[in-house]
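Observations on chain architecture
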Amino acid sequence: MHSLALDADLSTILIVDDDPSTRFVLRLILEREGYDVVEAGNGAAALDLIRPDPLPDMVMTDLMMPVMTGVELIRRLRSETMRIVVVSSNPEAAESLEVDAVVTKPFTASKLADRIRAVANNPIGGRPMEGRA
């Protein structure tokens, strides 16, 4: 597992999803785009990774997970300065959440990469971001 220490040339993205195959696909796409990627299987594991280390630049989270849902994770992280992207098969569940973007499962690699680039180039605090991928 990668450390959350930031490389000067890379943005760090924390992927939070209980499905290992989804995390694998997201990792492949994001690493190909030049991001440093860290993974967690649920919200509680994500918080454990974040607490002792520097904050990631972005968190990509599913909503429905065991132990701690993505909704609870987002509520706990919202006071932090980072971008938050929901990756879910139920994008309507994210409508009331304060997030930077929503990516609907299933997604294509190009649409995901385009959305993440757009979020990364958008100033933090510029939410909610219009549109969905």
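In the block above lies the structure referred to throughout.
Since the model is a prediction, treat every value here as computed from it, not as a measurement. (Residues numbered from 1 in each chain as written. Predicted model: local features only at pLDDT ≥ 70, side-chain atom pairs only at ≥ 80, totals over all residues. Heavy atoms only, no water.)

1. Thoughts on the overall build of the chain
Keep this limit in mind: Helix and strand assignments follow DSSP, with helices taken as H or I runs no shorter than four residues and strands as E runs no shorter than two, numbered in order from the N terminus. Using a 1.4 Å probe on the protein chains alone, a residue whose accessible area is under 20% of its type maximum counts as buried, one over 50% counts as exposed, and one in between counts as partly exposed. By definition, residues are in contact when any of their heavy atoms lie within 4.5 Å.
Scanning the chain for helices and strands turns up 4 helices and 5 strands. The secondary structure elements of the chain, listed N-terminal to C-terminal, are β-α-β-α-β-α-β-β-α. Across the 133 residues in the chain, those meeting the buried criterion constitute 46%. For the chain, the proportion of contacts with a sequence separation of at least 24, taken over those separated by at least 6, is 63%.

2. Description of the pattern of salt bridges
Selection criterion: Here, a salt bridge means any side-chain nitrogen of Lys or Arg that lies within 4 Å of a carboxyl oxygen of Asp or Glu.
Counted by the stated rule, this structure contains 8 salt bridges. One salt bridge connects Glu39 with Arg23, and the closest N-O pair in it is separated by 3.1 Å. Taken together, the positions of Glu39 in strand β2 (residues 36–40) and Arg23 in helix α1 (residues 20–32) put the pair 16 residues apart, joining distant regions of the chain. Owing to a relative accessible area of 15%, Arg23 belongs among the buried residues under this scheme. Among the ionic pairs, Arg117 bridges to Glu33, the shortest N-O distance being 2.3 Å. With Arg117 in helix α4 (residues 109–121) and Glu33 in the loop between α1 and β2, this residue pair connects regions lying 84 residues apart in the sequence. The exposure class of Arg117 is partly exposed, given its relative accessible area of 33%. By sharing partners, the salt bridges in this structure join Arg23, Arg27, Glu31 and Glu39 into a single network.

3. Observations concerning the environment of Asp19
What counts here: N or O atoms within 3.5 Å of each other form a polar contact, as long as, within protein, one can give a hydrogen and the other can take it, and as long as residues adjacent in sequence are counted only when both atoms are side-chain atoms.
Tracing the sequence through the fold places Asp19 in the loop between β1 (12–16) and α1. For the pair Asp19 and Ala40, spaced 21 residues apart in the sequence, the C-alpha separation amounts to 9.9 Å. Here Thr22 takes part through its side chain, which lies 2.8 Å from a polar atom of the side chain of Asp19.

4. Observations concerning the nonpolar core
Inclusion rule: We define a nonpolar core as any set of buried Ala, Val, Leu, Ile, Met, Phe, Trp, Tyr and Cys residues linked to one another through side-chain atoms lying within 4.5 Å.
Core analysis: the largest hydrophobic core is formed by 22 residues, its most contacted members being Leu14, Val16, Leu73 and Leu77. The element best represented in this core is helix α2 (residues 43–50), accounting for 4 residues. Filtering out sequence-adjacent residues up to four positions away, Leu77 remains in contact with Leu47, Ile50, Val59, Met82 and Ile84. With 16 residues, the next largest nonpolar core counts Ile15, Leu26, Val37 and Val85 among its residues.

5. A few points about the pairing of β2
Put simply, the rule is: Only strands that DSSP links by at least two bridges are regarded as paired with each other.
Taken across its 5 residues, β2 has 5 buried, putting it largely inside the fold. Residues Asp36, Val38 and Ala40 point to one face of β2 and Val37 and Glu39 to the other, with burial holding for every one of them. Pairing of β1 with β2, which is carried by 5 bridges, proceeds in the parallel orientation. For Thr12, the partnering residue across the bridge sits in β2 and is Asp36.

6. Description of the side chain of Asp62
For Asp62, the position within the fold is in the loop between β3 (58–61) and α3 (70–77). Classification of Asp62 as buried rests on a relative accessible area of 9%. Polar side-chain contacts of Asp62 include one of 3.5 Å to the side chain of Lys105. With residues near it in sequence (within four places) discarded, Asp62 still touches Val16, Asp17, Asp18, Gly70, Val87, Ser88 and Lys105.

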